[in-house]
Structure formats: C-alpha cells, structure tokens
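Remarks on the overall topology
What follows is each chain in one-letter form.
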Amino acid sequence: MMRLTTVGTGTAAPSRGRVQSGHLVECGTVRLLMDCGSGITTRLADLGIAWQTITHIALTHFHADHIVDVPTLLYAWRYGQLPPRSEPLQIIGPAGTLRILSGFAGVFGQGLLTLGFPISVHEIVPGGALALGTNTHLRCLKVPHTDESVAYSVEHAGLRIVYTGDTGPDQALGEWANGCDVLLAECSLPESMAIATHLTPAQCGALGAAANPGVLALTHFYPPVEAVDIRGEVGALFGGTVVLATDGWTLDLEER
Ligand SMILES: [Zn+2]
Ligand SMILES: [Zn+2]
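Rules behind the numbers
- Residues numbered from 1 in each chain as written.
- Chains lettered and ligands numbered in written order.
- Predicted model: local features only at pLDDT ≥ 70, side-chain atom pairs only at ≥ 80, totals over all residues.
- Heavy atoms only, no water.
- Helix = DSSP H or I, 4+ residues; strand = E, 2+ residues; numbered from the N terminus.
- Rg over C-alpha atoms; globule rule 2.2 N^0.38 Å.
- Buried < 20%, exposed > 50% of the residue type's maximum accessible area, 1.4 Å probe, protein only.
- Contact = heavy atoms within 4.5 Å.
- Areas by Shrake-Rupley, 256 points an atom, 1.4 Å probe, with all protein chains shown as cover.
- Lys, Arg positive; Asp, Glu negative; His and termini not counted.
- Charge placed at Lys NZ, Arg CZ, Asp CG, Glu CD.
- Donors = N, O, S within 2.8 Å, 3.2 Å for Na, K, Ca; no water.
- Tetrahedral: all angles 85-135°; square planar, octahedral: opposite > 155°, others 65-115°.
- Polar contact = N/O pair within 3.5 Å; in protein donor to acceptor, adjacent residues only side chain to side chain.
- Phe/Tyr/Trp six-rings, centres within 6.5 Å; stacked < 30°, edge-to-face > 60°.
- Lys NZ or Arg CZ within 6 Å of the ring centre and 35° of its normal.

The helix and strand tally for the protein stands at seven helices and 14 strands. The C-alpha radius of gyration computed for the protein amounts to 17 Å, which stays within 12% of the reference 18 Å derived for 256 residues, consistent with globular compactness. Counting all 256 residues of the protein, 57% fall into the buried class. Pairs at least 24 residues apart make up 63% of the contacts formed inside the protein by residues separated by at least 6 positions. Here the protein has roughly 10,000 Å² of accessible surface; of this, 56% comes from carbon and sulfur atoms. For the protein, the separation between the mean place of its 13 positive charges and that of its 23 negative charges on side chains is 6 Å.

Distances from the zinc ion (ligand 2) to its protein donors, His61 (NE2), His63 (ND1), His145 (NE2) and Asp166 (OD), fall at 2.1 to 2.3 Å. For the zinc ion (ligand 2), the four donor atoms are set out with angles of 89 to 165° between them, so the coordination reads as irregular. Separating the zinc ion (ligand 2) from the zinc ion (ligand 1) is a gap of 3.4 Å, which aspartate 166 spans by donating to each of them. Of this pair, histidine 61 sits in the loop between β4 (56–58) and α2 (64–67) while aspartate 166 sits in the loop between β10 (159–163) and α5 (171–176), placing them 105 residues apart in sequence. No difference in accessibility class separates histidine 61 from aspartate 166, as the two residues are buried.

With respect to the helices, strands and loops of the structure, glutamine 81 is situated in the loop between α3 (70–79) and β5 (89–93). Of note is the side chain of glutamine 81, whose polar atom sits 3.0 Å from the backbone oxygen of tryptophan 77. Once residues lying within four places of it in the same chain are set aside, the contact partners of glutamine 81 are Trp51, Gln52 and Ala76.

So, about the packing of aromatic side chains. For any pair of aromatic rings, the description rests on two quantities: the centre-to-centre distance and the angle between the ring planes. By the definition in use, this model includes three aromatic pairs. Arranged with centres 6.1 Å apart and planes meeting at 85°, the rings of tryptophan 77 and phenylalanine 117 form a pair that is edge-to-face. Pair noted here: tryptophan 77 is in helix α3 and phenylalanine 117 is in the loop between α4 (97–108) and β6 (119–123), with a separation of 40 residues, a long-range link. The exposure classification of tryptophan 77 matches that of phenylalanine 117, with both residues buried. Counting every residue linked through ring pairs, the aromatic cluster contains Tyr75, Tyr79 and Phe108. It is arginine 85 that lies over the ring of phenylalanine 117; its NZ or CZ is 5.3 Å from the centre.

See below:
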C-alpha cells in the first residue's frame, strides 16, 4: 500500500485554507515528506498526522515556499516532544541542498544539524535512483523552474507517484511520468498570467495527456488560478481522473 497526503497545497501567496507546499508519501517503513514550506509542520498536527515518525525529507528546489519549515520541523523533533527524536533522518535534494541547510544552521545556530539524532544529507543526481527503504526508490528529473529544480518519482512495490515540484511546461516530464499511478502536478497560474516556469490548467491538461496517470492531482494554486474553471480547462485536454487537491487530501494506492 502506498498513501499520498497533500499536506499543503498553497504557494508563496497567503491563501485561506492552504499552507505552502508539502506532501507526504507513506509506504512500508518509509514516511517521506516532499517539500516543507511555511505552515507544513502546523498542518501535519492539524491533520493528526504523526509528524514524529517522518523518515525522509526531499526538497524539489530552494524557493522559500518549499523549504522554510525545515528548521521548524527539525526543532519540533528536538524540543517539541519527550523524549526527543533519536531515529535517523535523511534530507534529500538537488545539488546545493547541503549549502542551503548550512545556511539555515548559520541563521539558527550550528546546533540545527546536530540535534541529537543523526541527520544525513543526500544530494540526488538526475538519472540515479536512491533506495529509501525495502522496495522503495526515489528518482528525480530536472525540470524548468530554477536551476536546481527537480521533479520526484517515488516507486514502491510496482506503484509510482510522481510529484512535479514547481515546473514550467516540459515534454520530457510528461514522458518520464508516463503511466504513473498518481501525477501530483503544480497548477500555479491562469492562462492570462502564464509564464515559462509555472503551469496553467491547460498545460496541466497537456501534461496529463502525455503522462496518462491513473490520477492527475493538482496542487500549488496561486489565488488567481482558483478564479478560473480549472477542471474544465484540464478536462479539455485530459480525459482521465482529475483531483483539485486540498490540504489534507489523501489517496491510498493498493498493489496490483
Ligand atoms: Zn512554489
Ligand atoms: Zn518555486
């Protein structure tokens, strides 16, 4: 079984009911949080999710709305529970992740990365596969957003969840995600505000048509995109199942 929970479906723009980006994948012994923007730590508690036992954090890129709650969560593990965390944590991200974490440590004190539980940092390389646990692998693909931005594919027991992170339109992304069980895609802006580094609903529809996922789940909504007919614009290009994710939406995938 594989469970996806969209913990935070918002963006850099404050948005009622949506905190910034963060998504939890649970499978086997792995509890992987992908991105950790502002509000994610609080939202995990809101949703009754056991934040204490997350095993991995994977960052897609270094925009603040995807990373600023990493220190909050690290301190929660050290100071927000008794006894403090002792289990190891792995933080994964593209090249530059160690520099970003060292930057946080520079702000909050070097103790941020020496909190009494082992923290390992792995800078993932596109094309490679990282084993997260028994029968669970993480892969990444470079995507057009910032220089370091990647999309992630989490694979477990024949199931596959792909998360675009933030991205612009990209043909390779559709091919790479092809046939996945869930494609969690950003849907940032309406057509009238389209830019090369984010997706519009129509571009999400085109991505869905290329990838043909079991479920196309949309996230990362800037407020203006919520004023348009997202479902209609996506559905004009992609005939499969579309979900407009909310904070706390959960999907369970069963092994085939
Ligand atoms: Zn973002
Ligand atoms: Zn971004």
